[in-house]
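Tertiary structure, described
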Amino acid sequence: MTAVPTHCPYCALQCATTLHPVDRVQVSVQPRAIQAFEGGPTNRGGLCRKGWTAPEVLTVPDRLTTPLMRNAAGNLVAASWDEALDFVADRIRSLQASYGSDSVAVFGGGGLTNEKAYALGKFARVALRTANVDYNGRFCMSSAAAATNRAFGIDRGLPFPLADLGGAGVVLLVGSNLAETMPPAVAHLQSARDAGGLLVVDPRRTATAGLTADDAGIHLQATPGTDLALVLALTHVVLQEGLADTAYLSERTDDPEGLFRSTAAWWPERAERVTGVPAATIRRAARVLAAAAPVHGGDGVFILTGRGAEQHSKGTDTVTACINLALALGLPGRLGSGYGCITGQGNGQGGREHGQKADQLPGYRSISDPAARAHVARVWGVDPEDLPGPGKSAVELINALGTAGGPRALLVHGSNLLVSAPRLASVRERLAALDLLVVADVVPSETALLADVVFPVTQWAEEEGTMTSLEGRVLRRQAAIAPPGEVRSDLAVFAGLASRLGCGAAFSTDPAEVFEELRLASAGGKADYSGITWERIDAGEALFWPVPSPGHPGTPRLFADGFSTPDGRAHVVAVDHRPVADDLHAAAPMYLVTGRLLQHYQSGAQTRRVPELAAAEPEVFAEIHPRVAAQLGIADGRPMRLRTARGSMVLPARVTADVRPDTVFVPFHFGGSEAVNELTNDALDPVSRMPEFKACAVEVSAASLP
Ligand code: SF4
């Protein structure tokens, strides 16, 4: 049997693998060092345990292998594809006849291939003619996307290859736990650690923060929700101590004075009162950063943000503060330095480029831009006037489901809302109010189990397509085995429904054909894939978008000659600290923080089904500081109750000094009664519409087992 080169199904590092088919439905996996790009391939031939065990997801006992429809008794029972598609198409037609086109909504996912993400957006706009389409990337890196778009005029998670980190003197990680979410990426931090320059901002002493031990760097253990104040203070020190790259600021940014003004009041002692990080530590960190900056002859500085900085109601402004710090140090566009976002989901980058976002069309184009609408409409063979306008963002869409004037039907592809969305009681209520819920997935996720119709769809080792890594490098996903049972691609769902709805536009089920159309649709856009072919990728070319023509080598590094703004300068946006939306009060005096574990991926729908991973982290828990645990009479492993304004839950305590005394940490990968998003706040960032997963006030007490 042939060895098939492809990539891990999980995170945005997209580690390269080789699959060896074992039989018709099983594969074994080996790590693979892909064609090196200068400093080397992203994963350097490594895999984490999620990647090593990924083949097990292909054959989990409850793998969906046939369409399911809910019968009169309320049970999901097997159906044929024709029965299921006919039923869904009939319901859509009827609902749209009664309530209008926008009564049907579509929710996508950042794990879908580029081809599926593209087809999903086209299906929503052309076949359903609905404005209501968004995806779970809104919960992921949307704050970084919004911040980079307004500062640089473009959003590519890392505007440089990850391997560039390899020579840096300093890497500042703000709210990123790389050592658990992307373990092979830690190798790229070694140079900074050797120089004592790994700086980690995190309210927990995570595995990543632990890498700063032994003088390898500094852990800035800030109060949850105060990263913005901390970064303002770092920038203040850089500017006030004359450490900034003033020539860069005046030549490459639009408002150096604005940067000075917006940070002038954030002296370290003030920031200490807000963040809890000692003023002396803030000064030391700022000086370490500046010493490694190119303007001072250093080895380079990278500032990287993750979900810890971004999943806040001020996430966009926190990332903006990080970008402003990078500008003060003269980093973006300089070889060996820069700002970037560590995208999380497997195709979190490509997933936001091809039109499944409420406000965007393929090529990362604005749906409100007449020229963009005309271009995409031409490729799709429709009148631009017939394309809907911008729709509701994810949380706003969910909150509108089943309400007067809101969507009456929802089609979900590649997303498990009943674990991953905030304020789950409300999500459950809104889903239950729908006239039709359709879910396409590989396993019966918590959301699929609520559906009226479930479509069984292909997963990584069973399908062809492309994924775009956190670096903006477009990679090939290749099929090693045939899908089991009646499983089909999501593309078959879009094509089957579009034809039943009488849509004249073409919806191919061949991913190669879809990619060719995507190339045309993206041509001339910010994320221009028009010069990329599957053949070029298969030949080993390292293609980072934009690739605007067939002979173009790709663009590994952005901003060397200017930014993508109208004036070519980076735009300084003045930002200021503000409290979390649901801040501490007498009855709820601690912060609840959510996050990720080494063993699980996102909503855990896949990894909780892998025996080795489930055995290592079988259930949810809450980390609490020993001093607070003792005060509250909570022993390690014993039940504790968490109560927020959204609800309460009882879960076992994990007593550890790795969390701050004012903080409780709970991983979010678990469902049902273990889902911590029952407690989280859906207050939104005003720019990105990101909900505030990362901080809310919580009351903590000892509890007896339920
Ligand atoms: Fe690599 Fe991420 Fe897969 Fe782990 S989960 S093997 S880091 S792509």
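Going by the structure above, here's the rest.
Residues numbered from 1 in each chain as written. Predicted model: local features only at pLDDT ≥ 70, side-chain atom pairs only at ≥ 80, totals over all residues.

Within the largest apolar cluster, 222 residues are counted, with the highest numbers of intra-cluster contacts made by Val171, Leu230, Leu234, Leu289, Cys322, Leu329 and Val664. A total of 10 residues in this core trace back to one element, the largest contributor, which is helix α8 (residues 227-240). (Core = buried A, V, L, I, M, F, W, Y, C linked by C-beta atoms within 7 Å. Buried ≥ 20, exposed ≤ 12 C-beta atoms within 10 Å, placed from the backbone. Helix = DSSP H or I, 4+ residues; strand = E, 2+ residues; numbered from the N terminus.)

With that out of the way, let us pick up the sheet that holds strand β1 (residues 4-7). Taken in spatial order, the 3 strands make up an open sheet running β1-β2-β3, and their pairing is antiparallel. Two strands close off the open sheet at either side, each with one partner strand: β1 and β3 (27-31). Direction aside, the axes of adjacent strands within the sheet are offset by 35° on average. When strand β2 (residues 16-21) meets β3, the two strands line up antiparallel, connected through 5 bridges. Its bridge partner lying in β3, Pro21 is registered against Val27. (Pairing = 2+ DSSP bridges. Axes fitted to C-alpha atoms, helices over the stretch in contact; angles between N-to-C directions.)

The next thing to look at is the site of the ligand. The full set close to the ligand counts 14 residues, and Cys8, Cys11, Cys15, Cys48 and Gly51 are the nearest of them. When its residues are assigned to classes, the shell around the ligand shows 10 nonpolar, 3 polar and 1 charged. Counting contributing residues, the shell around the ligand receives three or more from each of domain 1 (4-59) and domain 3 (142-341). (Near = placed C-beta within 6 Å. Nonpolar A, V, L, I, M, F, W, Y, C, P; charged D, E, K, R; others polar. Domains from an automatic or database assignment.)

What follows deals with the sheet that holds strand β17 (residues 453-456). Strand pairing in a sheet is mediated by backbone hydrogen bonds. Such pairs are either parallel or antiparallel. If you walk across this open sheet you meet the 7 strands as β5-β4-β17-β16-β15-β6-β7, and the pairing is mixed. Looking at which strands have only one partner, the edges of the open sheet turn out to be β5 (76-78) and β7 (133-135). When strand polarity is set aside, the average angle formed by the axes of neighbouring strands in this sheet is 20°. As paired strands, strand β4 (residues 68-70) and β5 are joined by 3 bridges and run antiparallel to one another.

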